[in-house]
Amino acid sequence: MRDTVTPTHCPYCALQCGMNLTPAPDGRAVEVSERADFPVNRGALCGKGRTAPAVLSSSVRLTSPLVRSEGGALVPASWEEALARVAGGLGRTRAEYGADAVGVFGGGGLTNEKAYSLGKFARVVLGTSQIDYNGRFCMSSAAAAGGRAFGLDRGLPFPLEDVPRTGCVILVGSNPAETMPPSLRYFTELRENGGTLIVVDPRRTKTAEQADLHLAPRPGTDLALALGLLHLVVAEGRTDEAYIRERTSGWEETRAAAMAHWPEYVERITGVPVPELREAVRMFCEPEAAMVLTARGPEQQSKGTDTVGAWINLCLATGRAGRPLSGYGCLTGQGNGQGGREHGQKADQLPGYRKLTDPAARAHVAEVWGVDPDSLPGPGRSAYELLDALGTDIRSLLLMGSNPVVSAPRAAHVEERIRSLDFLAVCDVVLSETAALADVVLPVTQWAEETGTTTNLEGRVLLRRRAITPPEGVRSDLEVMHELAARLGGDRNLEKGFPTDPEEVFEELRRASAGGPADYSGITYRRLAEENGVFWPCPAPTDGPLDAGGPGTGTETGTGVGTGAGAGADPRGADGTGRPGTADG
Ligand SMILES: Nc1nc2c(c(=O)[nH]1)N[C@H]1C(S)=C(S)[C@@H](COP(=O)(O)OP(=O)(O)OC[C@H]3O[C@@H](n4cnc5c(=O)[nH]c(N)nc54)[C@H](O)[C@@H]3O)O[C@H]1N2
Ligand SMILES: Nc1nc2c(c(=O)[nH]1)N[C@H]1C(S)=C(S)[C@@H](COP(=O)(O)OP(=O)(O)OC[C@H]3O[C@@H](n4cnc5c(=O)[nH]c(N)nc54)[C@H](O)[C@@H]3O)O[C@H]1N2
Ligand code: SF4
Ligand SMILES: [Mo]
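Residues numbered from 1 in each chain as written. Chains lettered and ligands numbered in written order. Predicted model: local features only at pLDDT ≥ 70, side-chain atom pairs only at ≥ 80, totals over all residues. Heavy atoms only, no water.

J.: Hey, could you run me through unusual backbone geometry in this one?
T.: Outside of glycine, negative phi angles account for most residues, and trans bonds account for most peptide bonds. Omega for the peptide link from Trp536 to Pro537 comes to 0 degrees, which places this bond in the cis form. Within the element layout of this structure, Pro537 appears in the segment after strand E20 (534-535). At Gln16, a position not held by glycine, the phi torsion is positive, near 50 degrees. Structurally, Gln16 can be placed in the loop between strand E1 (6-9) and strand E2 (18-23). You will see that Arg410, though not glycine, has its phi angle at about 50 degrees, which is positive. Look at Arg410 and you get exposed, because its relative accessible area is 55%. (Helix = DSSP H or I, 4+ residues; strand = E, 2+ residues; numbered from the N terminus. Buried < 20%, exposed > 50% of the residue type's maximum accessible area, 1.4 Å probe, protein only.)

J.: Help me understand the pattern of salt bridges, please; the structure alone is not making it clear to me.
T.: Opposite charge on two side chains lets them pair, provided their charged atoms get close. Per the counting criterion, the structure on display carries 31 salt bridges. Glu236 is the partner of Arg238 in a salt bridge, and the nearest nitrogen-oxygen pair spans 2.8 Å. Among the residues examined, Glu236 registers a relative accessible area of 31% and is labelled partly exposed. When the shortest N-O distance is used, the salt bridge between Arg487 and Glu483 registers 2.7 Å. Of this pair, Arg487 and Glu483 both sit in helix H18 (residues 477-488), separated by four residues, roughly a single helical turn. Salt bridges here are not isolated pairs; linked through shared partners, they connect Asp132, Arg136, Asp348 and Lys355. (Salt bridge = Lys/Arg side-chain N within 4 Å of Asp/Glu carboxyl O.)

J.: Which parts of the structure should I look at to understand the packing of helix H7 (residues 222-235) against helix H13 (residues 304-317)?
T.: Helix packing geometry: the angle between the two helix axes and the distance between the axes. Following both chains from N to C, one finds H7 and H13 inclined at 15 degrees, their axes separated by 8 Å at the closest point. If you check the angle between H7 and H13, you find them roughly parallel. For the pair H7 and H13, the sense of crossing is left-handed. Of H13, the residues touching H7 (which contributes Asp222, Leu223, Leu225, Ala226, Leu229, Leu230 and Val233) are Asp306, Thr307, Ala310, Trp311, Asn313, Leu314 and Ala317. Residues belonging to the contact of H7 with H13 are distributed by class as follows: 10 nonpolar, two polar and two charged. (Axes fitted to C-alpha atoms, helices over the stretch in contact; angles between N-to-C directions. Parallel < 35°, antiparallel > 145°, perpendicular 65-115°, else oblique. Left-handed = near helix turned anticlockwise from the far one by under 90°. Contact = heavy atoms within 4.5 Å. Nonpolar A, V, L, I, M, F, W, Y, C, P; charged D, E, K, R; others polar.)

J.: Can you walk me through empty space enclosed by the protein in this structure?
T.: Over the atoms a probe the size of a water molecule is rolled, and this reveals where empty space is left. In this structure the tally under the stated criterion is four cavities of 30 Å³ or more. Together, Cys10, Tyr12, Cys13, Leu15, Gln16, Cys17, Leu45, Cys46, Lys48, Gly49, Met180 and Pro182 line the largest cavity. Of the residues contributing to the lining of the largest cavity, the split by class is nine nonpolar, two polar and one charged. Size it by volume and the second largest cavity reaches roughly 50 Å³. (1 Å grid on protein atoms, 1.4 Å probe; cavity = no way out; pocket = protein on both sides within 12 Å on 5 of 7 lines; lining within 4 Å. Points joined across faces, edges and corners; volume = space filled by probe spheres on them.)

J.: Where do I start with the site of ligand 3 in this structure?
T.: Surrounding ligand 3, one finds Cys10, Tyr12, Cys13, Leu15, Gln16, Cys17, Leu45, Cys46, Lys48, Gly49, Met180 and Pro182. Among the detected pockets, ligand 3 sits in the largest cavity. In terms of residue class, the shell around ligand 3 is built from nine nonpolar, two polar and one charged. (Near = heavy atom within 4 Å. Sits in = over half its atoms within 2 Å of the grid points.)

J.: Sorry if this is basic, but what is going on with the layout of surface pockets here?
T.: Within this model, the largest pocket holds a volume of roughly 1400 Å³. Forming the walls of the largest pocket are 49 residues, and the residues nearest its centre are Pro11, Tyr12, Gly109, Gln334 and Gly401. Only helix H5 (176-179), helix H12 (296-299), helix H16 (404-407) and strand E16 (423-428) provide two or more residues apiece to the lining of the largest pocket. Tallied by class, residues from the lining of the largest pocket come to 19 nonpolar, 20 polar and 10 charged.

J.: What am I meant to see in the site of ligand 2 here?
T.: Among the 19 residues in the neighbourhood of ligand 2, the closest are listed as Asn134, Ser402, Ser407, Asp428 and Asp477. A distance of 2.7 Å separates an oxygen atom of ligand 2 from a polar side-chain atom of Ser402. In isolation ligand 2 exposes 920 Å². Once the protein is present, 63% of that is buried. If you map ligand 2 onto the pockets, it falls in the largest pocket. Class assignment for the residues of the shell around ligand 2 results in eight nonpolar, eight polar and three charged. (Polar contact = N/O pair within 3.5 Å; in protein donor to acceptor, adjacent residues only side chain to side chain. Areas by Shrake-Rupley, 256 points an atom, 1.4 Å probe, with all protein chains shown as cover.)

Bear in mind that shape data such as this cannot, by itself, settle questions of function.
As structure tokens, this is what we get:
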């Protein structure tokens, strides 16, 4: 029996807990069991992880492509017919209205291989700039704030194992007791080790109940709260002047914004009593090391980027970024929330977290893709703007791994936009609310039925392995892109650039990401299997075999390159996409 056990990872959230899967006798279902060797969760799983196999054999699982009939109903069709319809629908729009009239929308649950291929598919096969993904509705404002302050977006710059060893953690708008239960033990251990936990949440959540201090601001007032704490840091002489001088810029501007937020004023805005503000500052500043971790609470605000920026500034002003056991981190959400934002499904991005506007990045990636750099489109619209343009500028959409009719801001408006498309194709495992509106639905394989890599909230790249055979009738997202590339590429043989074997895709991703901020070039499937995950950046060694790999640097990326800018600055994201209700990164 032993050799049928597959060590892999949960599909759901960014913790990417390790689990073992054993196929049931029918070969379709799997049983979940503890996998103690994976350090992040050490065997522990939450209810979602334990019940994850239910989605594999769900009665609502799609096992045949569906196409819209003359009468308007979705009816089963062959793969041949469905793929021909998708190629026809997207191709017609491209011919009539130009490549930018075709949109692509992805998701943070897609594996690195899928996210990478989807970005390449949009730019090389469709030639469109109009691609983005659902992460904008999740943690994107933290990504933008991190980029602004550190020049790098890396959810956590340290492994979770550092949490119990620091002196104080401020958890801002994060409820891991319910959203990532196995991670709670890191905070429990912190307190057992004598450290303190401060939770900032308008609600008394299960996480807040564990805290030494619970600050309960009015919703949407975190920016004032963070500035108020910074005010007290300055007023009480708790800044790290040498650090500010040597490692930050823009301090005077930040200091001025903080000084305008005196404690009684902040109490009036936030509802947090002044003694609690003072207590929080004392708890945060007294220990040698401390951390601020944000999640969706402060991030999903119209000024999310500035709000997170203000919390980062609290770390910078006290010299707590890029030092051992100290710093700022964002607890990313979806299964591949980190990796899904690194390899090109964002409107402004090329693989390896490169900028689409950077000529050197374009030249590097174009060479890997075997295309002319000038043929690569420029940056497109970010998620909300893209969805808002459906039915007007964007006439056809290919959707993979998201359900925007339910999850987008202004969902009813977005649904109306989706309904006004000339053509919609959706790849999903079930008939989601959005898939139900499609002209063609392509049923795809999911986690335990396919191999792929994800990158967890610590920046740890992981191998999620295939444990069972997929049901008859479904194909992988990679196969879908391969087939569509063949049909849309004419005689250009574009499908050659879209392998269906995930490891082959990953080998290309390594080369495409080489030299970029999120450099995966030293990572191989073999290393991932042997080492239980590898942290990025992990450049390939310059001498010796490629797959000897670099060490992988989980703890070095946060080193202080902070700018003190941010507070009160441009409310739009670094890439200028702010809209109400849209995380603007
Ligand atoms: N069970 C379950 N777990 C999940 C998911 C799921 O769908 N279900 N989804 C995963 C995903 S994609 C994500 S992004 C994560 C989200 O994980 P979290 O960020 O931990 O969860 P949320 O509930 O979105 O928000 C956290 C807290 O923010 C608080 N909050 C609301 N408004 C404010 C505010 O103005 N200021 C502050 N400071 N706090 C505020 C809320 O009360 C809430 O307790 O969860 C992941 N885990
Ligand atoms: N009202 C409200 N809106 C929200 C939030 C909220 O808390 N409340 N949270 C926000 C956050 S944090 C997030 S992350 C978003 C998430 O919202 P969505 O982007 O809609 O993500 P999911 O709900 O995870 O839906 C993903 C879809 O992809 C399908 N899927 C899963 N795996 C695969 C795969 O490998 N391939 C393909 N092709 N499909 C797959 C699933 O069946 C599902 O239909 O919602 C945001 N919107
Ligand atoms: S915490 Fe997240 S990754 Fe871990 S078992 Fe639960 S849903 Fe899965
Ligand atoms: Mo999320």
